Amino acid sequence: MKRIEFGYTKKKKLFLVIIIMLGEVTECAKKKDKCDKPWRTFRNVCFIFSDVNNQKYDDAQQVCYKLGGFLASIRNSAEHGFIIKTIQGMGSSYQRVRWFIGLYQYDPNDNLKYRWLDGSVSNFRNWMPTQPNSIHERCAMLDGSNGFKWRDDVCTNRALFICRKDLDEENGSMNCFKGKPPPTQILEKKDISVTECLEHCRGLGFPLAGVIPNKCFCLKKDNVDKKALVDRLQCSGNCGNQHCGNKDFVTIYNLTQYKDTADSCEDLSMLGFSSPSTYVTKVGDEERLTNCFTGEAPKIWSSCIVSLTRESSVLRLGILCFR
């Protein structure tokens with residue numbers, strides 16, 4: 001009898017091992033390498049082209065948001081080239097029309113102050129030589145009749161549009177959660193933009209940033225592990241014309257999805273930043289931490305040497321930093 005029970009236990013263990021292994025294989029198989037149609041795949045990004053649906057700018061943004069993305073940011077020449085090639089492959093009738101993208105003039109009095117709706121600080125631009133040229137035309141377009149250069153236009157005009165989302169939606173750039181984050185590492189600022197909140201938290205070394213009107217939360221993963229993920233439409237707040245949470249829900253942005261870096265404090269200022277903090281900036285290919293908006297000249301430190309020496313009964317701490 002004992003032998004029978006022992007044999008049964010062995011079989012049971014073997015069965016469990018097989019199930020676990022199959023579970024791991026299935027989990028790996030779930031990883032997507034292509035976007036679901038009709039989205040188009042480019043590297044780890046999905047784009048969709050609204051080729052029959054002319055919309056005003058705000059309405060186009062709402063369509064993209066409901067689809068799980070944003071009006072498209074175009075962060076580099078490779079993405080721009082992919083978009084042009086895709087439109088050209090759609091037929092000649094689409095090559096001379098205008099397409100809304102996710103770049104907008106956030107300052108109604110300055111036609112040079114543009115930022116991306118999705119919070120990216122990418123400084124890639126492809127304006128026509130005379131553009132942007134009006135504070136009354138605050139929404140950016142690709143103009144097919146001008147070699148797909150960009151132009152500003154009146155936001156209430158109707159046009160086709162392009163949306164963007166992450167291929168890995170579960171760990172994508174933004175999700176909506178019920179409730180508020182814990183009251184730690186909060187930056188309170190009237191009308192704070194999503195972009196400034198993201199860069200503020202990234203400069204402090206946090207992987208996540210939560211945004212509701214007038215408040216920015218710098219977070220770690222365990223701050224949201226127990227929070228309920230809800231439909232992103234519940235996060236209906238407006239933070240500098242960008243999507244954020246409200247009194248009952250919070251948008252949490254995943255900073256690992258934001259690879260672009262501003263070149264200087266001046267670039268951040270052009271995006272509407274003003275809060276004194278440490279920000280990530282870039283010199284060539286090297287990323288550095290820079291103190292911005294402190295009222296002093298920005299200090300950029302590449303490395304520091306710390307020394308501790310004893311003189312009689314006195315300990316002296318020395319810090320030598322290099323720019």
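Provided above is the structure to which this section pertains.
Residues numbered from 1 in each chain as written. Predicted model: local features only at pLDDT ≥ 70, side-chain atom pairs only at ≥ 80, totals over all residues. Heavy atoms only, no water.

Caption draft 1: A look at the overall build of the chain. Secondary structure assignment for the chain yields 5 helices and 20 strands. Taken across its 323 residues, the chain has 45% of its residues classed as buried. Look at the contacts in the chain between residues 6 or more apart in sequence, and 65% of them connect residues 24 or more apart. As presented, the chain carries roughly 18,100 Å² of accessible surface, and 53% of it is formed by carbon and sulfur atoms. (Helix = DSSP H or I, 4+ residues; strand = E, 2+ residues; numbered from the N terminus. Buried < 20%, exposed > 50% of the residue type's maximum accessible area, 1.4 Å probe, protein only. Contact = heavy atoms within 4.5 Å. Areas by Shrake-Rupley, 256 points an atom, 1.4 Å probe, with all protein chains shown as cover.)

Caption draft 2: Just the nonpolar core, in detail. With 25 residues, the main nonpolar core has F47, I83, I87, W99, I101, W150 and I162 as its most contacted residues. With 4 residues, helix α3 (residues 77–89) is the single largest residue contributor to this core. In terms of nonpolar packing, the next biggest core, distinct from the first, is built from 22 residues, Y65, F70, L198 and L255 among them. (Core = buried A, V, L, I, M, F, W, Y, C linked by side-chain atoms within 4.5 Å.)

Caption draft 3: Up close: the state of the cysteines. Counted under the stated rule, the structure contains 8 disulfides. Covalently, C64 is tied to C163 through a disulfide, its sulfur atoms 2.0 Å apart. With the S-S dihedral at roughly -75°, the linkage between C64 and C163 falls on the left-handed side. Of this pair, C64 sits in helix α2 (residues 57–66) while C163 sits in strand β8 (residues 159–166), and the two are 99 residues apart along the sequence. As far as burial versus exposure is concerned, C64 and C163 are alike and both buried. Paired through a disulfide, C176 and C235 show a sulfur-sulfur distance of 2.0 Å. Between C176 and C235, the disulfide has an S-S torsion of 90° and is therefore right-handed. (Disulfide = S-S within 2.5 Å.)

Caption draft 4: The arrangement of unusual backbone geometry in detail. Going from K37 to P38, the amide bond is cis rather than trans, its omega being 10°. Among the structural elements, P38 can be located in the loop between α1 (2–30) and β1 (40–42). Despite not being glycine, N241 has its phi angle at roughly 70°, a positive value. Mapped onto the elements of the fold, N241 is located in the loop between β14 (237–239) and β15 (242–244). One non-glycine residue with positive phi stands out, namely F293, at about 60°. Looking at the element boundaries, F293 is found in the loop between β18 (286–292) and β19 (303–311). By relative accessible area, which is 23% here, F293 ends up partly exposed.

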